[in-house]
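Topology and contacts: notes
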Amino acid sequence: MEAEIKLKLEQLHSRVDSLKDQINTEEATKNAFVMPFIQILGYDIFNPTEVIPEFICDIGTKKGEKIDYVIKKDGEPILIIECKHWKENVDAHNSQLHRYYHASKCRFGVLTNGHTYNFYADLEKPNIMDDKPFFTLDLSNLKETSLKILEKFTKNGYNLEGILDSAEGLKYIKAIRNEFEKELKDPSDEIVKLLVNRFYGKPLTASRMVTFKEYTQKAFSNSINESINFRLKNALNINETIPTKSNKELSPIDENIETPKFITTEEEMEGSQIIKAILREILPASRIAFRDTQSYFGILLDDNNRKPICRLHFNSSNKYIELFSNGKDNGEKKLLNTLEEIYIYKTELLNTLKNYE
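Before going into details, it helps to say that this report is about the structure given with it. Please read these numbers as outputs of a predicted model, since none were measured by experiment.

**Remarks on the pattern of salt bridges**
The full count for this structure, using the stated rule, is 18 salt bridges. Between Lys 218 and Glu 214 there is a salt bridge; the shortest N-O distance is 3.0 Å. Residue Lys 218 and its partner Glu 214 are located together in helix α7 (residues 206-235), separated by four residues, close to a single helical turn. Looking at Glu 214, the relative accessible area reads 40%, which means it is partly exposed. A network of salt bridges, in which partner residues are shared, links Glu 27, Lys 30, Glu 54 and Asp 68.

**Structural notes on the nonpolar core**
By size, the foremost hydrophobic cluster in this structure holds 41 residues, and its most contacted members are Leu 9, Ile 38, Ile 81, Phe 108, Phe 119, Phe 134 and Leu 137. Looking at this core element by element, the count peaks at seven residues for helix α2 (residues 26-40). Sequence-distant contacts of Ile 81, that is, excluding residues within four places in its chain, are made with Val 34, Ile 38, Ile 67, Asp 68, Tyr 69, Ile 71, Val 110 and Thr 112. Ranked by size, the runner-up nonpolar core spans 26 residues in total, among them Ile 309, Cys 310, Ile 342 and Leu 349.

**Describing the pairing of strand β7 (residues 288-292)**
The element β7 is largely enclosed, with a buried count of five among its five residues. On β7, burial covers both faces: Ile 288, Phe 290 and Asp 292 on one face and Ala 289 and Arg 291 on the other are all buried. By the bridge criterion, five bridges tie β7 to strand β8 (residues 297-301) in an arrangement that is antiparallel. Note on β8: the bridge partner recorded for Ile 288 is Leu 301. Linking β7 to β8, which pair antiparallel, is a turn of four residues.

Criteria and thresholds
Residues numbered from 1 in each chain as written. Predicted model: local features only at pLDDT ≥ 70, side-chain atom pairs only at ≥ 80, totals over all residues. Heavy atoms only, no water. Salt bridge = Lys/Arg side-chain N within 4 Å of Asp/Glu carboxyl O. Helix = DSSP H or I, 4+ residues; strand = E, 2+ residues; numbered from the N terminus. Buried < 20%, exposed > 50% of the residue type's maximum accessible area, 1.4 Å probe, protein only. Core = buried A, V, L, I, M, F, W, Y, C linked by side-chain atoms within 4.5 Å. Contact = heavy atoms within 4.5 Å. Pairing = 2+ DSSP bridges.

Structure, rendered in C-alpha cells:
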C-alpha cells in the first residue's frame, strides 16, 4: 500500500513541477493538483456525497462561508481541505482554516498549496484547531514515516483513534527536533552546562563557558558527520569512504579523532532524490547510484564513473547542475535558483541515459 501511494505521489510531484508555471489561479491549483491528491487517498472526487466541493459553512454571523473540500466517510465529515495558489506559503494562511474547523465538526483539517500539505488537529483545546500542524507532507521530500501517517487518512485505512494516538507524538517530536537542531547550530549555555557539569569538576567561568561552547559544537559536528557517513555508505551503496564537508572548518577535540573533510548536505540529498524521481520513469532505482566528492555530488548509471548522468555543484553561494546530455566529456553547467528548477532539465537527464544504451 505504501509503495503504491509513494509511486502515485512521486508522479503527482512530477506533474506539479511540470505544470505549475501554467497554473495561474487558486481554482486551477485545486483542479490540477489537489483533486488528484484526494484521488490518491482513495476518495471518489466525482461522488458529491463523499467529496464535497465548496461546502457551505456558516460561522457566527457570517453566512455562506465555503470550505474548498469536505471529505466524508460513512456519511460523517472526517477531513476539511482549504487550498491556496501553488505560489503561496501555506504556513502563513491557517487563519481561514482555523475559522472553518469548529463549524465543520471534523477532527482534522488540511491546508495545502498543491505540493505541501499541512495537517491540523485539536490537540491543545477540544474543537479548536491548533496553531501549528502536527504533520506536514512535502511532495518533494517523501519519507517513509510520512507515508505511514498518510495511509491512515486513506479511504480504506482511515483510523481516527490511530491518527489521534500518533498526532500528539508527532507534534511534540517535531517541536523537540526543532529545538535540537537549534542546539546543534548554536549550543545554548543551558545545554553546555548540562553536559560539561557531568565531567568537569570546576566552576564554569565566562571564559571557560566560551571555550566549552566551541568544544560542544565541535563534538556535535564530529558525531553527526560520522553518523551521516555510515548511513550514506550503507543506504546509497557507496563503495568508497565518504569524507565530510562543512561550511565551517572545525578542528577535533581529540587529535586522535580524524575529522572528515566534507559531508553530504541536505540540499544535495534533496536534489538527488528529485533526479531519482525523474529517472525512475524509465530506469529501475537499483541502477541509479550516488557518489559524493569534495568538488561535487555525482549521479551515475550503474555506479560507473564512466557513465555520469549529472553532477550537483552546491558548494558555493551559487548552485549548479552539470548535465551530460551532449556526451560524458562535455559537461554543461546550469544555474539553479531553487532545487525545483532541476525539473526543467528533465528532458536532458532522460536523454543522457540514451548515450549509454
